[in-house]
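# Topology and contacts: notes
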Amino acid sequence: MRGLWRLAKGERAGILDFGAGPENFSASIAPLIAFPLVGALVVAMQGAWQLGVISFLSRLTAVLVLPVLTYEFAKLFGREHLWLRTATVLNWSFWVIPPILMLAAIAAAGLEVVGLSTMGAARVALAIMGLYLLWFRWFALRAGLGLGAWQALLVVTVSTAAIIGLMVLPFMFGVGGPLPGLPSS
């Protein structure tokens, strides 16, 4: 938690609070696999087994693509020896989302007070949250792999596109039913 807090504040040295071994990486990725697995089991137990399997597989591949891309870019940029710690940090960065989401809710309430509509305030707050989370990944890549600003931006752009694609494409092609939360056509 200390390392996440330090990185969230923009302290590069926070990267050193994370372990760089395979056991550290395994501990960081386990919850990212376990939560979608439990969610898929719940969906499957409600009779929508195909949706459960597809949603689990799409989330699993989305979780795994970030460390794989981190490794490939680390190798490309000659920083292969730094990838495991960086991938571990990126996995743990998932836990930055809940406090940022709470801050976004507070910001949205404040924006409503000054006159924005509820939806407008929520959109602004979520956009700021999204930008901060992208900045956090960009900063973690710079601190962890020692990348330049443009190199880190390239990794963030490619990895974000890959994650979104892996999460959405199965549902866009109708595999597993309609996209959860959206009406079917």
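Quick note: structure is the one above.
Below you will find a few notes about this structure. Just so we're clear, the structure is a prediction, and the values are computed from it rather than from any experiment.

## Some points on the environment of V89
Along the chain, V89 falls in helix α4 (residues 83-92). Taking the C-alpha atoms as reference points, V89 and D17, separated by 72 residues in sequence, lie 9.4 Å from one another. For V89, the residues in contact, after removing those within four places along its chain, are L7, I15, F18 and A140.

## Thoughts on the pattern of salt bridges
Evaluation of the coordinates by the stated rule reveals three salt bridges. Where R2 meets D17, a salt bridge forms, and the shortest distance between an N and an O atom there is 2.8 Å. Note that R2 is positioned in helix α1 (residues 2-8) and D17 in the loop between α1 and α2 (22-45), a separation of 15 residues in sequence. Overall, R2 belongs to the exposed group, its relative accessible area being 56%. With a shortest N-O distance of 3.9 Å, E72 and K75 are connected by a salt bridge. Highlighted residues: E72 and K75, both in helix α3 (residues 49-76), separated by three residues, approximately one helical turn. One network of salt bridges, with partners in common, ties together R2, R6 and D17.

Rules behind the numbers
- Residues numbered from 1 in each chain as written.
- Predicted model: local features only at pLDDT ≥ 70, side-chain atom pairs only at ≥ 80, totals over all residues.
- Heavy atoms only, no water.
- Helix = DSSP H or I, 4+ residues; strand = E, 2+ residues; numbered from the N terminus.
- Contact = heavy atoms within 4.5 Å.
- Salt bridge = Lys/Arg side-chain N within 4 Å of Asp/Glu carboxyl O.
- Buried < 20%, exposed > 50% of the residue type's maximum accessible area, 1.4 Å probe, protein only.

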